[in-house]
Amino acid sequence: MRIVHLITRLILGGAQENTLLSCEDLIRFYGEEVLLVTGPAIGPEGSLIERARAGGVPVEVIPSLRRSIDPWRDWKSYRAICRVLRQFRPDVVHTHSAKAGILGRLAAHRLKVPVVVHTVHGAPFYPAQNRLAWLFCWFAERCAARWCDRLVSVADAMTDLMVEAQVAPREKFLTIYSGMEVEPFLESHRWREIARQKLGFSQEQVVIGKIARLFPLKGHDDVVQAASEVIRQIPQARFVFVGGGILEDSLKRRIAQLGLSKYFHFTGLVPPQELPALLAGMDLVVHASLREGLARVLPQALIAGKPVVSYDVDGAREVVLPGKTGFLVTPGDISGLVAAICRLASEPELRERLGSEGRRTFTDQFRHQRMTEQLYALYRGLLAEKGRRKPSQSDIGDRAAPKSKGE
């Protein structure tokens, strides 16, 4: 097969790492021809383009492809995508993210690419939008859903949301959880003492981590608001924000106004390979995003053996199982956030039990090899349905996912 993966930006993020791992696996384990098409990785979030190329993934950067809406630039991006697809002549086009998903599906449909797939990492329309923006995004997604053969959701909650919004019928969706390299998280406990020393935390302190870009809707303000009461109840509590972004200065000012600066540590932007060590230095993870498909940090934390407190949004409840792997809180409920954090911070045995259950339950489910195996079977199955390729023996029945080095 010749496969194109198309995403708006290859920044440091969950959807981007999902896409890159899929491309790497399709080349390494299945020997397919893959092209990764993306816009420039501009902004404070970092870039995965260099890692992609270093890992042997061919990358085509379309300079005009940006996240913001700009009719002239979007028209140029559409024409550039069409040009790339005509040259590469793919059997499969797999799109990710809102802008690339709309333009890419339209281009692939117009050029009669045999199989078109789109992954829903998170709905582009959400309650906090103004009505006009919501309607525009909803209408665009509904149109684009007709231009593809299958919609892949990273969580069942994404399917429910899109079906309820009448974007597409349920039978067009398939859930494939977003895969990752699990081994570094399984081994992260080895770096606990070093990580805490590097972060400046003593062994007696209880470290509450939040891993997310410092951008709106990620819930950092709610965590800061909750921190005042958490620290009052548990003076040994400390908070670490992992990630960079436009809100860093304003968050630091707010924390200083509350007199909490000595209780917070900001790491700034960190590459993905450093996350396991940082998680090792934490005792629990809080995730207060107001909009997320299935935040990658949730399974990462659980695989590292850390319990999670999360707002009950989108796919969080599929991995944060109340009383088993963590606690769910109604979005915006600061008192509930405080109560859940304080309970875990004050009960080390509970942290150990919930973290261990999370690791046991979700390690295999989130291996990237399993994700790519399911995607590969989907591609071949759709091609076979259209008479473009007969299914091989490996497509029939269950088979073990390919193993990475060291497994």
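Above this text you will find the structure in question.
Read on for an overview of the structure. (Residues numbered from 1 in each chain as written. Predicted model: local features only at pLDDT ≥ 70, side-chain atom pairs only at ≥ 80, totals over all residues. Heavy atoms only, no water.)

1. Things to note about the sheet that holds strand β2 (residues 33-39)
Strand pairing in a sheet relies on backbone hydrogen bonds, with the paired strands running either antiparallel or parallel.
Step number 1: With parallel pairing, seven strands are arranged side by side in an open sheet as β3-β2-β1-β4-β5-β6-β7. Looking at strand neighbours, the two that pair on one side only are β3 (59-61) and β7 (173-175), the edges of this open sheet. Ignoring strand direction, the axes of neighbouring strands in this sheet form an average angle of 20°.
Step number 2: With five bridges connecting them, strand β4 (residues 92-96) and strand β5 (residues 115-120) associate as parallel partners. Counterpart to H94 in the pairing with β5 is V117.
Step number 3: Together, β1 (2-9), β2 and β4 form the strand contacts of helix α1 (residues 14-28), whose direction differs from that of β1 by roughly 160°. (Pairing = 2+ DSSP bridges. Helix = DSSP H or I, 4+ residues; strand = E, 2+ residues; numbered from the N terminus. Axes fitted to C-alpha atoms, helices over the stretch in contact; angles between N-to-C directions. Contact = heavy atoms within 4.5 Å.)

2. Concerning the side chain of R367
Step number 1: Among the structural elements, R367 can be located in the loop between α14 (348-362) and α15 (368-385).
Step number 2: A polar contact of 2.6 Å, which involves the side chain of R367, links it to the side chain of E183. (Polar contact = N/O pair within 3.5 Å; in protein donor to acceptor, adjacent residues only side chain to side chain.)

3. Here's the deal with helix α13 (residues 334-346)
Quick reminder: α-helices carry 3.6 residues per turn. Residues three or four places apart thus point the same way.
Step number 1: Over its 13 residues, α13 runs 18 Å from end to end, which matches the ideal 18 Å to within 8%, given 1.5 Å per residue.
Step number 2: Those residues of α13 that sit buried are I334, G336, L337, V338, A340, I341, C342, L344 and A345.
Step number 3: In this structure, the buried residues of α13 make contact with β8 (206-211), α9 (220-233), β11 (284-287), β12 (308-311), β13 (326-329) and α14. (Expected span 1.5 Å × (residues − 1). Buried < 20%, exposed > 50% of the residue type's maximum accessible area, 1.4 Å probe, protein only.)

4. Here we look at the side chain of R296
Step number 1: Relative to the assigned elements, R296 resides in the loop between β11 and α12 (297-303).
Step number 2: Judged by relative accessible area, which is 11%, R296 ranks as buried.
Step number 3: A distance of 2.2 Å separates a polar side-chain atom of R296 from the backbone oxygen of G179.

5. Observations concerning the packing of α1 against α15
Step number 1: Two elements in contact, α1 and α15, have axes whose closest approach is 9 Å; the angle formed by their N-to-C orientations is 70°. Considering the angle they form, α1 stands roughly perpendicular to α15. The residues of α15 that touch α1, namely those facing N18, L21, S22, D25 and L26, are H368, Q369, M371, T372, L375, Y376 and Y379. (Parallel < 35°, antiparallel > 145°, perpendicular 65-115°, else oblique.)

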